[in-house]
Amino acid sequence: MNTPLKIVVTGPVGAGKSTLIRTLAKGGYVDTDARATEAIGKATTTVAMDHAVMDVGGTTLHVFGTPGQERFDYMWEILAEGALGTVLLARADRPGDLPKARQIFEFILSQSEVPYVIGVTHLDAEEAWAPEEIALFLRADPTLAVGFDPRDPKDAIRPFVRLLDALDGKR
Amino acid sequence: MTKQDQITQLLEALKRSLPEVREAMVASPDGLPIATLGSQDTAARIAAMAATALGLGRRIAQTTQLGNMKEVVVRGDQGYFVIYQAGDKGVLGVTVPADANLGLLHLEAREVARALADIL
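Rules used throughout
- Residues numbered from 1 in each chain as written.
- Chains lettered and ligands numbered in written order.
- Predicted model: local features only at pLDDT ≥ 70, side-chain atom pairs only at ≥ 80, totals over all residues.
- Axes fitted to C-alpha atoms, helices over the stretch in contact; angles between N-to-C directions.
- Helix = DSSP H or I, 4+ residues; strand = E, 2+ residues; numbered from the N terminus.
- Left-handed = near helix turned anticlockwise from the far one by under 90°.
- Contact = placed C-beta atoms within 7 Å.
- Nonpolar A, V, L, I, M, F, W, Y, C, P; charged D, E, K, R; others polar.
- Expected span 1.5 Å × (residues − 1).
- Buried ≥ 20, exposed ≤ 12 C-beta atoms within 10 Å, placed from the backbone.
- Arc of directions from axis to C-beta.
- Pairing = 2+ DSSP bridges.

K.L.:
Provide a residue-level description of the packing of helix H2 (residues 73-80) of chain A against helix H3 (residues 98-111) of chain A, including the pertinent values.
P.N.:
Any two packed helices are characterised by the angle at which their axes cross and by the distance between the axes. Residue and element names in this part refer to chain A. As a packed pair, H2 and H3 sit with axes 10 Å apart at the nearest point and diverge in direction by 40°. For the element pair H2 and H3, the recorded crossing hand is right-handed. Of the residues in H3, those in contact with Asp73, Trp76, Glu77 and Ala80 of H2 are Ile104, Phe107, Ile108 and Gln111. Tallied by class, residues from the contact of H2 with H3 come to five nonpolar, one polar and two charged.

Dropping the structure here:
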């Protein structure tokens with residue numbers, strides 16, 4: 001079956017949303033980076049969306065990435081419209097960001113109860129939490145937590161593979 | 001005079017030359033308010049949205065080969081919100097009613113956007 005699926009990638013600032021989408025983009029991708037004027041630990045930040053088409057095991061995914069800051073919460077709503085699944089990203093090494101991750105997660109699921117996976121990045125950091133711990137903090141199903149490196153194409157595909165499994169269960 | 005004062009003066013001058021201007025604001029390209037003539041309550045929200053519209057507009061301009069992004073016009077049945085690129089460090093947003101002269105607004109606001117680009 002090869003109908004295109006709309007998937008949303010969301011999560012707090014610096015979780016790796018844009019990196020993940022760039023890594024897996026088949027052909028071109030759209031980003032909307034603007035220079036960051038606040039201290040967020042990186043030079044640029046997404047102000048509207050990222051977009052790319054991906055191929056995951058023969059299934060075409062149309063992936064939309066959201067901005068991470070709460071001031072862009074209207075984009076979460078706009079991009080979540082019609083999405084069939086969500087990849088929520090959270091950093092393993094910044095427990096202080098987890099309440100924000102939970103807020104975004106709850107907001108997206110309140111829009112529509114779609115299948116999700118929790119993608120956990122920055123696992124190589126010294127103080128990293130285990131992906132299952134992150135999921136529990138988010139009050140999410142720990143079996144849906146996937147630790148991965150969004151910079152590595154082989155690894156970056158894993159949350160989407162897991163999400164497609166979850167979607168297959170629903171179809 | 002601080003940058004902030006200079007920017008506020010530019011916005012006030014815009015409002016003097018075009019009294020129908022309802023609100024005028026300047027935001028950073030990543031959506032944080034810098035200065036506003038208008039409601040403080042909605043300033044943060046409008047600043048974020050102006051940056052989103054301009055950021056997306058820039059990508060649309062590139063993808064459809066329109067060159068460098070200049071402005072985005074949102075037209076409602078009760079007015080316009082026009083967002084101008086002010087160099088690479090600022091965004092100017094102006095609200096006018098539906099019967100405003102859009103040509104005149106462009107003339108004045110583009111000048112303000114250029115001046116803002118020099119200040120920022």
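On we go.
K.L.:
So what's going on with helix H3 (residues 102-119) of chain B? Residues and values would help.
P.N.:
Residue and element names in this part refer to chain B. In a regular helix each residue adds 1.5 Å, so 18 residues correspond to 26 Å; H3 covers 25 Å between its end C-alpha atoms and thus fits that length. All buried positions along H3 are accounted for by Leu105, Ala109, Val112, Ala113 and Leu116. Along H3, the residues classed as buried sweep out an arc of 110° about the axis, all on the same side. In H3, the exposed positions angled more than 90 degrees off the buried face are occupied by Gly103, Leu107 and Asp118. In the core, the buried residues of H3 are packed alongside helix H1 (3-17), strand S1 (23-27), strand S4 (79-86) and strand S5 (90-97).

K.L.:
Please set out the sheet that holds S1 of chain B residue by residue, giving values where relevant.
P.N.:
All names here are of chain B. The five strands are arranged S2-S1-S5-S4-S3 in an open sheet whose pairing can be described as antiparallel. Two strands lie at the open edges of the sheet, namely strand S2 (33-37) and strand S3 (71-76), each paired on one side alone. Taking the axes of each pair of neighbouring strands and ignoring which way they run, one obtains an average angle of 15° across the sheet. Sheet analysis places S1 next to S2, joined by four bridges and oriented antiparallel. Bridge pairing links alanine 24 to leucine 37 in S2. Sheet contacts for H1: S1 and S2; angle to S2, the most-contacted strand, approximately 35°. Relative to S4, H3 is tilted by about 30°, and along the sheet it contacts S1, S4 and S5.

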